[in-house]
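Observations on the three-dimensional arrangement
Listed below are the residues making up each chain.
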Amino acid sequence: MKAVSPSTMRKMDQTAVETYEIPGVVLMENAGREVALAVKNMWDCQREDKRPANMTKVVLFCGKGNNGGDGFVAARHLANMGFDTNVFIIANPSSITGDAAINLKIAKNMGLKIKVIDEETDLNAVMKMTSNASILVDAILGTGLKGDVRGIARNVIEMINKSEIPVIAVDIPSGICGETGKVLGNAVKAEQTVTMAAPKIGLLLYPGVEYVGKLIVADIGMPINLIESNEAEAEFLDCKWVSNCFKEYPPDAHKGTFGKVFVIAGSYGMTGAAALSAEAAVRSGAGLVILGIPESLNDILEVKLTEAMTIPLPETPERCISIAALDKALQFANQSKVVVLGPGLSAKNETKQFVMQFILNCKVPMVIDADGLNALAEYPETLNKAQAPVIITPHPGEIARLLSITSSEVQQDRISSVKTAAKRFGCTVVLKGARTLVATSEGKLFINPTGNAGMATGGSGDVLSGIIGAFLARGMKPYEAAAAGVYLHGLAGDLAAREKGEICLAAGDIIDYLYKAIKDIKEYKDAQRTSKYQTYLG
Ligand SMILES: NC(=O)C1=CN([C@@H]2O[C@H](COP(=O)(O)OP(=O)(O)OC[C@H]3O[C@@H](n4cnc5c(N)ncnc54)[C@H](O)[C@@H]3O)[C@@H](O)[C@H]2O)[C@H](O)CC1
Ligand SMILES: [K+]
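Source: prediction; values computed, not measured.

1. Description of the overall build of the chain
Regarding its fold elements, the chain presents 20 helices and 18 strands. A compact globule built from 538 residues should have a C-alpha radius of gyration of about 24 Å, and the chain, at 27 Å, falls within 12% of that. Taken along its principal axes, the extent of the C-alpha atoms in the chain is 85 × 50 × 50 Å. Considering only contacts in the chain between residues 6 or more positions apart, those separated by 24 or more positions represent 72%.

Right, here's the structure in full:
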């Protein structure tokens, strides 16, 4: 599903009105009606929870812009549905213009209860009037929010949050930046958010995610080709998108069809990283997996792994891969379809030199992770000199080192960090963490919804590198392998957590549940092919 920034949404809105000649008031009508339906739905659910049926009070807080306009439309429909509808306008009504003013007028003409909140209003009294409401609607600020929330709106947001009454936010919880997901001053904590036409990027990123609650994307009649156009900045990964990355293969496919993955990993004390990465590649459909490992560790890996082959490589006295391993490693690499470089390699100087030389001379696509990335910290531009496409999979600390900034600067604006790295180093970048991001050097951006906190555990990244390597070897494009890889890695982690709980989740569990995640995607694709109700699936 496409996701957009507020400014792109505004442009699309303008094109819908000016080029497609859809009157703005029609879009607002559809938006408000969708909000009213969401309120009705939530209220029905509350009744199932044995709330008294006579509690029909709904309070809508409307700002002076079009977000407030959506609120006036919703109020009108809610009144028609029989709700005791109360509107508070957080602005001077005379400052309301355009489509919002049209809808305020209709609401007034219908005799709806409308009150104004201004600087003089006693908010304690408003809170009392609100206290017996079943649902609140936040239509204060949407995509038009600029800077930290100012004035009375700020106090009203605080009051709404204090009330502990479930809130449905219109388009964006007021106070959340639709671009970055940051809290601008303070923000409404919603139970549900009905966002118009396409999700705004800030609703999909932390901390925004925590304020959105359940996200509903409302069809407001915006032409689909406008939403699907290249102007949309990001793809919010879903089952449908990921399933399309899996090609059909002929029944006579052989090992070579699915590609050979050469994993270079491991050192003394870190044989687990090597095993996890190689095993994940085996379980993600690689035709053949070969693991290059410091020679004295070979026997251990022979025991740990069954399907993957192992290749002993020359090692340092500390039992890490040495520079003397370069020729042999390159020889195997260049006979493979893909190389995974990095898990558990150690930070020894000689191994770092090996990594640098390997990257410069390898002729096949590479997935570079962990110590592979640490080795690049001093000369990250080495990535630009790679001879084939590269995918890097840093966590915030690793990308920070590559960009010479701090991890907290990365976390402040993850999108700009991942995009900058992809552009600067000419590769596909997977920025790990809650809501993993994938960016390409051409500017494509993907946001991953899957995964859970239980996956923040040692070895989880090693598993990811193996999955991406296998997908690349199966013939996916680098951005597809990276995006499908993070989605399925997260989904497998979610399935594992459902069974075992987040606390007990170990990286190996992600591998164990990969088959289920991949099967889900495959079944989705099969169902899509055979069902005549394609658009309703998933
Ligand atoms: N295609 C669509 O997505 C449609 C969206 N609709 C709704 O319209 C809003 C956007 O409306 P807009 O008038 O541009 O902006 P807002 O209502 O969000 O707010 C504007 C209003 O807010 C004041 N303001 C700005 N910054 C601050 C601040 N920091 N503190 C306090 N007040 C602030 C400013 O005075 C502005 O006047 C979108 O979200 C949807 O809900 C359409 O209805 C249908 C099409
Ligand atoms: K809002």
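From this point, the discussion proceeds with the structure in view.
2. Focus: the site of ligand 1
Gly65, Asn66, Asn67, Gly142 and Gly144 are the nearest of the 31 residues found near ligand 1. Where the shell around ligand 1 is concerned, the elements lending two or more residues are α1 (6–18), α2 (24–48) and α3 (66–80). With five residues, α3 is the largest single contributor of residues to the shell around ligand 1. Of the residues in the shell around ligand 1, the class split is 13 nonpolar, 11 polar and seven charged.

3. With respect to the UniProt feature "binding site: K(+)" (unreviewed entry) in the chain
Mapped onto this numbering, the UniProt entry annotates "binding site: K(+)" (unreviewed entry) at Asn67, Asp138 and Ser174. Spanning 108 residues, the named residues nonetheless gather at one spot, since no C-alpha pair among them exceeds 9.5 Å. Those residues in contact with asparagine 67 that lie beyond four places of it in its chain are Ala139, Ile140, Leu141, Gly142, Gly144, Val170 and Asp171. The buried category is assigned to aspartate 138, around which 30 C-beta atoms lie within 10 Å. Every residue in contact with aspartate 138, bar those within four places of it in the chain, is listed here: Phe61, Ile160, Val167, Ala169, Val170, Pro173, Ser174, Val188 and Ala190.

4. Topic: the sheet that holds strand β8 (residues 214–218)
In sheet architecture, strand pairing relies on hydrogen bonds along the backbone and comes in two forms, parallel and antiparallel. The strand order across the open sheet formed by seven strands is β4-β3-β2-β5-β6-β7-β8, and the pairing between neighbours is parallel. In this open sheet, the two strands that pair with only one neighbour each are β4 (113–116) and β8. With strand direction ignored, the average angle separating the axes of adjacent strands in the sheet is 20°. As judged from the three bridges shared by strand β5 (residues 135–139) and strand β6 (residues 167–170), these two strands associate in the parallel manner. Each bridged residue has a counterpart across the sheet, and for aspartate 138 the counterpart in β6 is alanine 169. Strands β2 (57–62), β5, β6, β7 (192–196) and β8 of the sheet are contacted by α2, whose axis makes an angle of about 160° with β7.

5. A look at the packing of helix α18 (residues 460–473) against helix α19 (residues 478–500)
The geometry of α18 relative to α19 is characterised by a closest axis approach of 8 Å and an angle of 135° between their N-to-C directions. Between α18 and α19, the angle falls in the class oblique. Crossing handedness for the pair α18 and α19: right-handed. Mapping the contact onto sequence places Val463, Leu464, Ile467, Ile468, Phe471 and Leu472 in α18 and Pro478, Ala481, Ala482, Ala484, Gly485, Val486, Leu488 and His489 in α19. Looking at the contact of α18 with α19 residue by residue, the class counts come to 12 nonpolar, two polar and no charged.

6. Observations regarding the sheet that holds strand β13 (residues 338–341)
The sheet built from 11 strands is open, its strands ordered β1-β9-β18-β17-β16-β15-β14-β13-β10-β11-β12 with mixed pairing. Whereas interior strands pair on both sides, the edge strands pair on one side only; in this sheet they are β1 (2–3) and β12 (309–313). Strand direction decides the pairing type here: strand β10 (residues 260–264) and strand β11 (residues 288–294), joined by five bridges, are parallel. Residue lysine 260 lies in a different strand from β11, and its bridge partner there is leucine 288. Packing against the sheet, α19 makes contact with β15 (390–392), β16 (428–431), β17 (437–439) and β18 (445–447), and its axis sits at approximately 15° to β16.

7. Here we look at the UniProt feature "domain: YjeF C-terminal" (unreviewed entry) in the chain
Those residues carrying the UniProt feature "domain: YjeF C-terminal" (unreviewed entry) are residues 239–521 in this numbering. A distance of 6 Å separates the end C-alpha atoms of residues 239–521, which is 46% helix and 13% strand.

8. Brief notes about α2
Its 25 residues place the ends of α2 37 Å apart at the C-alpha level, agreeing with the 36 Å of an ideal helix rising 1.5 Å per residue. Of all the residues in α2, the buried ones are Leu27, Met28, Glu29, Asn30, Ala31, Gly32, Glu34, Val35, Ala36, Ala38, Val39 and Trp43. At the exit of α2 stands lysine 50, carrying a positive phi of roughly 70°.

9. What about the nonpolar core?
Ranked by internal contacts, the top residues of the largest apolar core, which has 179 residues, are Val39, Phe61, Val137, Val263 and Leu488. Looking at this core element by element, the count peaks at 13 residues for α19. When we break this core down by domain, the ones giving at least three residues each are domain 1 (2–234) and domain 2 (241–529). Residues contacting valine 263, with those up to four places away along its chain left out, are Ala274, Ser277, Ala278, Ala281, Val289, Leu291, Gly292, Val340, Gly466 and Gly469.

10. A closer look at the pairing of β11
With six of seven residues buried, β11 is to be regarded as a mostly interior element. Regarding topology, helix α10 (residues 271–283) serves as the crossover connection from β10 to the parallel β11, and that connection is right-handed. Tracing the backbone out of β11, into helix α11 (residues 298–304) and back to the parallel element β12 gives a crossover that is right-handed.

11. Brief notes about the domain arrangement of the chain
By a frequent convention, interface size equals the accessible area lost on bringing the separate parts together. Split into domains, the chain comes out as domain 1 (2–234) and domain 2 (241–529). Residue classes in the side of domain 1 that touches domain 2 are distributed as six nonpolar, one polar and one charged.

12. Considerations on α18
The periodicity of an α-helix, 3.6 residues per turn, causes residues three or four places apart in sequence to face the same way. Between its terminal C-alpha atoms α18 stretches 20 Å, which fits the 20 Å expected from 14 residues at 1.5 Å a residue. Counting buried positions over the 14 residues of α18 gives 14, a clear majority of the element. Once α18 finishes, glycine 475 follows within two positions and takes phi at roughly 105°, a positive value.

Basis of the calculations
Sequence order as written defines the numbering, with residues in each chain counted from 1. Just so you know, chain letters begin at A and ligand numbers begin at 1, following the order they were written in. Under the rules for a predicted model, residues below a pLDDT of 70 receive no local features and side-chain atom pairs below 80 are neither given nor counted, while totals for whole chains, interfaces and linings still include all residues. The helix count covers DSSP runs of H or I at least four residues long, the strand count covers runs of E at least two residues long, and both are numbered beginning at the N terminus. This radius of gyration counts C-alpha atoms alone. The globule rule is 2.2 Å times how many residues there are, raised to the power 0.38. Contact between two residues is assigned when their C-beta atoms, built from the backbone, lie within 7 Å. Each residue receives a C-beta atom placed from its backbone. It is near a molecule or strand if this atom lies within 6 Å of it. Think of it as three bins: nonpolar holds Ala, Val, Leu, Ile, Met, Phe, Trp, Tyr, Cys and Pro, charged holds Asp, Glu, Lys and Arg, and polar takes everything else, Gly as well. UniProt positions are given in the numbering used here, feature names are shortened, and annotations may be inferred rather than shown by experiment. Put plainly, a residue is buried at 20 or more neighbouring C-beta atoms within 10 Å of its own, exposed at 12 or fewer, and partly exposed in between, counting only other residues' C-beta atoms, which are placed from the backbone. By this definition, two strands are paired if DSSP reports at least two bridges between them. Only the stretch in contact is used when a helix axis is fitted, and all axes are lines through C-alpha atoms; the angle between N-to-C directions ranges over 0 to 180 degrees. Here the angle decides the label: under 35 degrees means roughly parallel, over 145 means roughly antiparallel, 65 to 115 means roughly perpendicular, and every other value means oblique. We call a crossing left-handed when the near helix sits turned anticlockwise from the far one by less than a right angle, and right-handed when that turn is clockwise. Multiplying one less than the number of residues by 1.5 Å gives the expected span of a helix. The nonpolar core is taken to be a set of buried Ala, Val, Leu, Ile, Met, Phe, Trp, Tyr and Cys residues joined by way of C-beta atoms within 7 Å. Domain segmentation is taken from an automatic or database assignment of domains. Look down the strands so they point away from you; if the path from the first strand over the helix to the second goes clockwise, the crossover is right-handed.

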